[in-house]
Amino acid sequence: MTTTRTYGQFCGLARALEIVGERWSMLVIRDLVLGPKRYTDLQRGLPRIPASILSSRLNELEQAGVVRRRVLPQLDAGLVYELTEYGSELDHILLDLALWGARSLGYPKDGEVFTTDAAILALYTTFQEDAAKGVNVTYVLRHSDSLIVHAMVDDGALKVSTGDHPAADLVIEPQGPELIDLVNGDLTAAEAMASGRVRIEGEFAHLELFTKLFRIPPKPEPAEGLSFP
């Protein structure tokens with residue numbers, strides 16, 4: 001590895017942070033979890049990252065055996081970056097960490113972007129596998145004309161992809177950032193519809209089911225005052 005930043009600790013966690021703990025590294029991995037991407041695709045998904053930093057992070061992750069480069073077999077012979085087998089082992093760690101962070105997310109701040117990859121990962125992150133046993137349903141979420149994803153639930157398994165789905169059971173159109181209130185339980189499906197915060201195409205029962213299939217658990221309230229053993 002080219003990075004000289006170390007913790008001086010003989011510890012697996014310290015080593016993990018030395019490999020993926022640099023600024024932007026985990027977000028690069030987040031976008032590669034969904035599949036190989038060109039350098040320009042990564043730039044679009046991370047619009048605030050300087051090109052020099054993106055190149056540096058890719059080089060560091062490649063040297064650590066987390067990322068590799070591959071030339072596509074198509075005629076354009078484009079170069080893509082993808083996770084190695086070792087790097088792919090981070091997928092569940094990434095989803096668990098994302099769910100932990102989602103419990104403190106709140107609403108988007110000015111200037112914060114919500115990308116298609118982030119929308120896809122959000123569905124994987126909040127998916128409740130146990131609640132999906134025996135369930136077969138397909139959702140389309142239209143966040144905007146340019147940000148549309150669909151989620152297919154098949155007996156406890158989830159597959160999320162970009163774009164519409166012709167056989168969707170329900171189309172959900174959030175009218176603002178309050179979809180997170182629906183997922184974290186601050187807003188019921190009935191309240192979302194009554195207030196106009198969410199529009200749907202399909203049966204209301206599928207929206208109620210959505211709130212059970214995709215869920216952010218509440219964050220524990222901090223205890224007040226001093227804590228004594």
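Structure's up top.
Residues numbered from 1 in each chain as written. Predicted model: local features only at pLDDT ≥ 70, side-chain atom pairs only at ≥ 80, totals over all residues. Heavy atoms only, no water.

A. Focus on the packing of helix α6 (residues 91-102) against helix α7 (residues 116-126). It is at 9 Å that the axes of α6 and α7 come closest, and there the two elements cross at 90 degrees. When the interaxial angle is binned, α6 and α7 end up roughly perpendicular. Each of Leu94, Leu95, Ala98 and Leu99 in α6 lies in contact with α7, whose residues at this interface are Leu121, Tyr124, Thr125 and Thr126. Class assignment for the residues of the contact of α6 with α7 results in 6 nonpolar, 2 polar and no charged. (Axes fitted to C-alpha atoms, helices over the stretch in contact; angles between N-to-C directions. Helix = DSSP H or I, 4+ residues; strand = E, 2+ residues; numbered from the N terminus. Parallel < 35°, antiparallel > 145°, perpendicular 65-115°, else oblique. Contact = heavy atoms within 4.5 Å. Nonpolar A, V, L, I, M, F, W, Y, C, P; charged D, E, K, R; others polar.)

B. Representation of α7 within the structure. The element α7 is extensively covered by neighbouring structure, given that 8 of its 11 residues are classed as buried. Within the sequence span of α7, burial applies to Asp117, Ala118, Ala119, Ile120, Leu121, Leu123, Thr125 and Thr126. (Buried < 20%, exposed > 50% of the residue type's maximum accessible area, 1.4 Å probe, protein only.)

C. View of the sheet that holds strand β4 (residues 147-154). One open sheet accounts for 5 strands, arranged β5-β4-β3-β6-β7; its pairing is mixed. Of all strands in the sheet, those with a lone pairing partner are β5 (157-162) and β7 (198-202), marking the two edges. Each strand axis lies, on average, 20 degrees off the axis of its neighbour in the sheet, ignoring direction. Of the pairings in the sheet, the one linking β4 to β5 comprises 6 bridges and is antiparallel in character. Residue pairing in the sheet places Val149 in a bridge with Thr162 of β5. (Pairing = 2+ DSSP bridges.)

D. Local environment of a nonpolar patch on the surface. Together, Tyr7, Leu13 and Leu17 line one region of the surface with nonpolar side chains, adding up to about 330 Å² of accessible area. Tracing the chain through its elements places Leu13 in helix α1 (residues 12-20). (Patch = residues over 30% accessible without salt bridge, like charges linked within 9 Å, V, L, I, M, F, W, Y side chains within 5 Å. Areas by Shrake-Rupley, 256 points an atom, 1.4 Å probe, with all protein chains shown as cover. Salt bridge = Lys/Arg side-chain N within 4 Å of Asp/Glu carboxyl O.)

E. Fine view of the packing of aromatic side chains. Tallied over the full model, the rule gives 4 aromatic pairs. Ring plane angle 80 degrees and centroid distance 6.4 Å describe the contact between Tyr139 and Phe214, whose orientation is recorded as edge-to-face. Of this pair, Tyr139 sits in strand β3 (residues 136-144) while Phe214 sits in the segment after α10 (204-213); the two residues are 75 residues apart in sequence, bridging distant segments of the chain. Among the residues examined, Tyr139 registers a relative accessible area of 0% and is labelled buried. Aromatic rings pair up to connect Phe127, Tyr139, Phe210 and Phe214 into one cluster. (Phe/Tyr/Trp six-rings, centres within 6.5 Å; stacked < 30°, edge-to-face > 60°.)

F. Highlighting unusual backbone geometry. Its identity as a non-glycine residue notwithstanding, Trp24 has a phi of 85 degrees, on the positive side. Of note, Trp24 is situated in the loop between α1 and α2 (25-33). One non-glycine residue, Asp155, adopts positive backbone phi at about 50 degrees. Mapped onto the fold, Asp155 is located in the loop between β4 and β5. The class for Asp155 is partly exposed, based on a relative accessible area of 45%.

G. Just the pattern of salt bridges, in detail. Following the criterion strictly, the structure yields 14 salt bridges and no others. Among the ionic pairs, Arg68 bridges to Glu82, the shortest N-O distance being 2.8 Å. Highlighted residues: Arg68 in strand β1 (residues 67-71) and Glu82 in strand β2 (residues 79-83), separated in sequence by 14 residues. Three or more residues joined by partner-sharing salt bridges are found here, namely Arg142, Asp164, Glu173 and Glu201.

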